[in-house]
Amino acid sequence: MVLSGLDQNRWSLGLERTNRALDTLGHPEKAYPHVLVAGTNGKGSTCVFLERILLSAGFSTGTTLSPHVSRFTERFRVDGVEVDAGELGKLRAELEPELADIGLTYFEWCVVLAVVLFARRGVDLGIFEVGLGGRYDASNALDPQVSLITEISSDHTDYLGKTIAEIAGEKARIARAGRPLLTAATGAALAVIREYALLSGAVLHVVDRPCTLPVGPRGAHQGLNASLALEAARMLGGCPDGGRIEHALWTAFLPGRVENLDGRVIMDVAHNASSVLVLVEYLRSHGFDGVGVVGILADKDYPAMISNLLQVCSRLFIAPVASPRSWGPLEMNQVRDMGAVTLCADVTRAFHEALQTGRPIAVTGSFHTVSEVRESLICRGWPS
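Source: prediction; values computed, not measured.

(A) Structural detail: helix α13 (residues 347-356). Buried within α13 are the following residues: Val-347, Ala-350, Phe-351 and Ala-354. Taken around the axis of α13, the buried residues stretch over an arc of 95°, which confines them to a single face. Backbone nitrogen of Thr-348 and a side-chain oxygen of the N-cap are separated by 3.2 Å at the start of α13; the cap is Asp-346.

This is how it looks when you write it as structure tokens:
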């Protein structure tokens, strides 16, 4: 494990440690321009859309995503290819003596490793998905040429604020004076972002028209995410001709984003009420008539998530996930009377119970839920 010994559930927001690390290493982030992508939902898809477009235009790219679904190395991509764990492990071992006294967290190490890796690989541009919020996320220690903010909804309220306006204010802090700030946010979130752009001197561009070209990732909001990426690519001088754009968008892929396995199992990492509602709309529009396997983290709005899923699922098999932040018996018992809900010991058992129904299955609620099922179905093979 590249970051063995570090707890990925420990958050310590702030830029001081990352700034110290970059200063100690001689500021490798200055070797190439980079883009920050923040927002509540759609960040990963937007990053991959931008990556595919720039690659089609002849750019070399480094992309870091957060979190991963099945493997830690999914977080690090160079020219669209997942980086080998051995290379990352050697890099961490090399940097550790220089950075040991700083006390970098798991997420801060992810940013530092990506920054150094991309510099050594000589990429033309780095694409960094913001992990949490914006203002105090480790990635905000960088100096982006372009900043992107996707759709904003309620999530991580303990850290970012209780209202959409407060959350938007945190994410808007990835903007830089005199540089483009692109957003697909609407309503109260857009109002806050617009105000911050005026105060900071960032050049705001509101993207409100979805791309009409076919895209690889499924879901109603992917057209807007693709539009954000296209506009960013144009500003970076990396937008190819029409045929290559179509190919780039159609071949974009991220695991666990409305990932459909033979029409029987649909896996989606929707992990808050708004993203679950997007999944529900997709399932309804495609005539889904099945059951759900659901595991949720305790700090989410799980009553709303369960209520949304019961609109399209005749039964939900719910279970704790493999995380210290998982919901437990107390939270699960609060939703068991909302409809046809069956409590299971773990996600594997929940999926087994769902299979026995013979119905199509939607697997969702968190990255952990999708990871456990996906690992069995795709990576190891589900036992008969």
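After presenting the structure, the write-up continues.
(B) Seen up close, the packing of helix α2 (residues 43-56) against helix α9 (residues 242-250). At a minimum axis separation of 8 Å, α2 and α9 run at an interaxial angle of 145°. For the crossing formed where α2 meets α9, the hand is right-handed. The segment α2 lies against α9, with Phe-49, Arg-52, Ile-53 and Ser-56 engaging Arg-244, His-247, Ala-248 and Leu-249. Of the residues assigned to the contact of α2 with α9, the class counts are four nonpolar, two polar and two charged.

(C) Quick peek at empty space enclosed by the protein. Tallying each qualifying case throughout the model produces one cavity of 30 Å³ or more. Approximately 130 Å³ is the volume attributed to the largest cavity. As for the largest cavity, its lining consists of 13 residues, and the residues nearest its centre are Ser-66, Phe-107, Cys-110, Val-111 and Glu-129. Sort the elements by how many residues they give to the lining of the largest cavity and helix α4 (residues 106-121) lands first, with three residues. Class assignment of the residues belonging to the lining of the largest cavity gives a composition of six nonpolar, four polar and three charged.

(D) Geometry of the pairing of strand β5 (residues 125-129). Of all the five residues making up β5, five are buried; the element is thus mostly covered by neighbouring parts of the structure. The alternating pattern of β5 places Leu-125, Ile-127 and Glu-129 on one face and Gly-126 and Phe-128 on the opposite face, and all of these are buried. Pairing geometry for strand β1 (residues 34-38) and β5, over four bridges, is parallel. Within β5, the position partnered with His-34 by the bridge is Gly-126. Here four bridges tie strand β2 (residues 61-64) to β5, and the two strands are oriented parallel to one another. Within the sheet, the bridge partner assigned to Thr-61 lies in β5 and is Leu-125.

About the thresholds
- Residues numbered from 1 in each chain as written.
- Predicted model: local features only at pLDDT ≥ 70, side-chain atom pairs only at ≥ 80, totals over all residues.
- Heavy atoms only, no water.
- Buried < 20%, exposed > 50% of the residue type's maximum accessible area, 1.4 Å probe, protein only.
- Helix = DSSP H or I, 4+ residues; strand = E, 2+ residues; numbered from the N terminus.
- Arc of directions from axis to C-beta.
- Polar contact = N/O pair within 3.5 Å; in protein donor to acceptor, adjacent residues only side chain to side chain.
- Axes fitted to C-alpha atoms, helices over the stretch in contact; angles between N-to-C directions.
- Left-handed = near helix turned anticlockwise from the far one by under 90°.
- Contact = heavy atoms within 4.5 Å.
- Nonpolar A, V, L, I, M, F, W, Y, C, P; charged D, E, K, R; others polar.
- 1 Å grid on protein atoms, 1.4 Å probe; cavity = no way out; pocket = protein on both sides within 12 Å on 5 of 7 lines; lining within 4 Å.
- Points joined across faces, edges and corners; volume = space filled by probe spheres on them.
- Pairing = 2+ DSSP bridges.

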